[in-house]
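Listed here are the chains, written in short residue letters.
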Amino acid sequence: MPTVLEALENRSSKRAFLDKPLTKETQEKILQAASHTPSGANMQPWITYAISNKELLKKVGDAIIETMDKGVEHDQFIQYYPVKWVNPYKKRRVITGAGLYKLMEVDRKDNETRLQMWHDNFRWFGASTVFFVFTDKANIDGAQGALIDCGAYMQSIMLAAQEFGVDTCPQGSTTEFGKIVARELDVPDNLALLYSIVLGYADKDAKINSYQPARVKLQESVTFID
Ligand SMILES: Cc1cc2nc3c(=O)[nH]c(=O)nc-3n(C[C@H](O)[C@H](O)[C@H](O)COP(=O)(O)O)c2cc1C
């Protein structure tokens, strides 16, 4: 059983999975553990659709890729990434992306392979299960607190998953097509998609799964005042 520190240090996003399903029992255990996530006023604003149905996942992925093919860049409820990237975040994004392409030996100008790698998000990297996390639109109408709570819930899911040997990749790529996901899953009108997380058993032999982008030194992000 990993300690909390081990779970934090060992987790990394996986992008190639074995064709091995996650049992409903394991999903329930992960979600039960994540339900202990704190939230402002204990409002527990997360609403999760745990989908393992292959046809439905394909339908959602197809709809997103079709939308992208039409040149639509997003159809979303919330804007996840900064509208205007500034440094040092811009630089970190570039370094992280470049590192992945270097590992995979993909040329900077090879737009076709890069697009294919982006499409892999919507094939769920071959994972058997995807958790789509929504909140009630009312929670984010002029307020952002529910986004903080649901972000903490995301990390709880990813850490709890490790206890069961389950690997994950969080996805903001689906955030960008949240309205397509909501339509294809036929969720109630009051729900807005925030993100998804793919879950499954990582293919340990897949090169892409060895990618572990570095973190900045503590001094770059922390100010101590004694
Ligand atoms: C909210 C959020 C959205 C993300 N969206 C994607 C995504 O759409 N596709 C993807 O491959 N990785 C995605 N990631 C994974 C990040 O690229 C990854 O967490 C980061 O590079 C650090 O690497 P690590 O998770 O392996 O430690 C996302 C991460 C977060 C937290």
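The structure this text deals with has already been given above.
Keep in mind that this is a model prediction, so the values were computed, not measured.

## Description of the overall build of the protein chain
- Broken down by element type, the protein chain carries eight helices and four strands.
- The order of α-helices and β-strands along the protein chain, N terminus first, is α-α-β-α-α-α-β-α-β-α-β-α.
- Expected size for 226 residues packed as a compact globule is a radius of gyration near 17 Å; at 18 Å, the protein chain falls within 12% of this value.
- Each principal axis of the C-alpha atoms in the protein chain carries an extent, and together these give about 55 × 45 × 40 Å.
- Contacts in the protein chain between residues far apart in sequence, at least 24 positions, make up 84% of those at least 6 positions apart.

## Some remarks on the pairing of strand β3 (residues 167-171)
- β3 sits mainly inside the fold: four of its five residues count as buried.
- Pairing geometry for β3 and strand β4 (residues 191-200), over five bridges, is antiparallel. Along β4, the bridge assignment pairs Cys169 with Val198.

## Here's the deal with the nonpolar core
- Counting 40 residues, the largest nonpolar core has Val133, Met154, Ile157, Val198 and Leu199 as its most contacted members.
- Those elements giving two or more residues to this core turn out to be α2 (24-34), α3 (54-69), β2 (129-136), α6 (145-163), α7 (178-185) and β4.
- Here the element with the most residues in this core is α6; it accounts for eight residues.
- Leaving out residues up to four positions away in the same chain, Val198 has contacts with Trp124, Phe125, Ala127, Val130, Thr168, Cys169 and Gln171.

## Remarks on the site of the ligand
- Looking at the ligand, there are 13 residues lining it, with Ser12, Ser13, Pro170, Gly172 and Ser173 nearest.
- Residues of the shell around the ligand, tallied by class, amount to four nonpolar, eight polar and one charged.

## Focus: the sheet that holds β2
- Taken in spatial order, the four strands make up an open sheet running β1-β2-β4-β3, and their pairing is antiparallel. Where the open sheet ends on each side, the last strands, each with one partner, are β1 (47-51) and β3. Within this sheet the neighbouring strands show an average axis-to-axis angle of 25 degrees, counted without direction.
- Strand contacts of α7: β1, β2 and β4, with the helix running at about 80 degrees to β4, the strand carrying the most contacts.

## A word on the packing of α3 against α7
- As a packed pair, α3 and α7 sit with axes 9 Å apart at the nearest point and diverge in direction by 140 degrees. Regarding the angle of α3 to α7, the classification is oblique. Of the two elements, α3 crosses α7, and the hand of that crossing is right-handed. Across the interface between the two elements, Lys59, Val60, Ala63, Ile64 and Thr67 of α3 pack against Ile180, Val181, Glu184 and Leu185 of α7.
- A per-class count over the contact of α3 with α7 returns six nonpolar, one polar and two charged.

## Observations regarding unusual backbone geometry
- With an omega of 10 degrees, the peptide bond between Asn87 and Pro88 qualifies as cis.
- Within the fold, Pro88 resides in the loop between α3 and α4 (89-103).
- Positive phi is not limited to glycine here, since Asn42 has a value of about 55 degrees.
- Its location among the elements puts Asn42 in the loop between α2 and β1.
- By C-beta crowding, Asn42 is classed as exposed, having 7 other C-beta atoms within 10 Å.
- Phi is positive for Phe125, which is not a glycine, with a value near 55 degrees.
- When you line up the elements, Phe125 lands in the loop between α5 (111-119) and β2.

## Remarks on α2
- When we look at burial in α2, the residues that qualify are Gln27, Ile30 and Ala34. Viewed along the axis of α2, the buried residues span an arc of 65 degrees, placing them on a single side of the element. Along α2, the residues that are exposed and aim more than 90 degrees away from the buried face are Lys24, Glu25, Glu28 and Gln32.
- Buried residues belonging to α2 abut β1, β2 and α6.

Cut-offs applied
- Residues numbered from 1 in each chain as written.
- Predicted model: local features only at pLDDT ≥ 70, side-chain atom pairs only at ≥ 80, totals over all residues.
- Helix = DSSP H or I, 4+ residues; strand = E, 2+ residues; numbered from the N terminus.
- Rg over C-alpha atoms; globule rule 2.2 N^0.38 Å.
- Contact = placed C-beta atoms within 7 Å.
- Buried ≥ 20, exposed ≤ 12 C-beta atoms within 10 Å, placed from the backbone.
- Pairing = 2+ DSSP bridges.
- Core = buried A, V, L, I, M, F, W, Y, C linked by C-beta atoms within 7 Å.
- Near = placed C-beta within 6 Å.
- Nonpolar A, V, L, I, M, F, W, Y, C, P; charged D, E, K, R; others polar.
- Axes fitted to C-alpha atoms, helices over the stretch in contact; angles between N-to-C directions.
- Parallel < 35°, antiparallel > 145°, perpendicular 65-115°, else oblique.
- Left-handed = near helix turned anticlockwise from the far one by under 90°.
- Arc of directions from axis to C-beta.

These results come straight from atomic positions and should not be treated as a statement about function.
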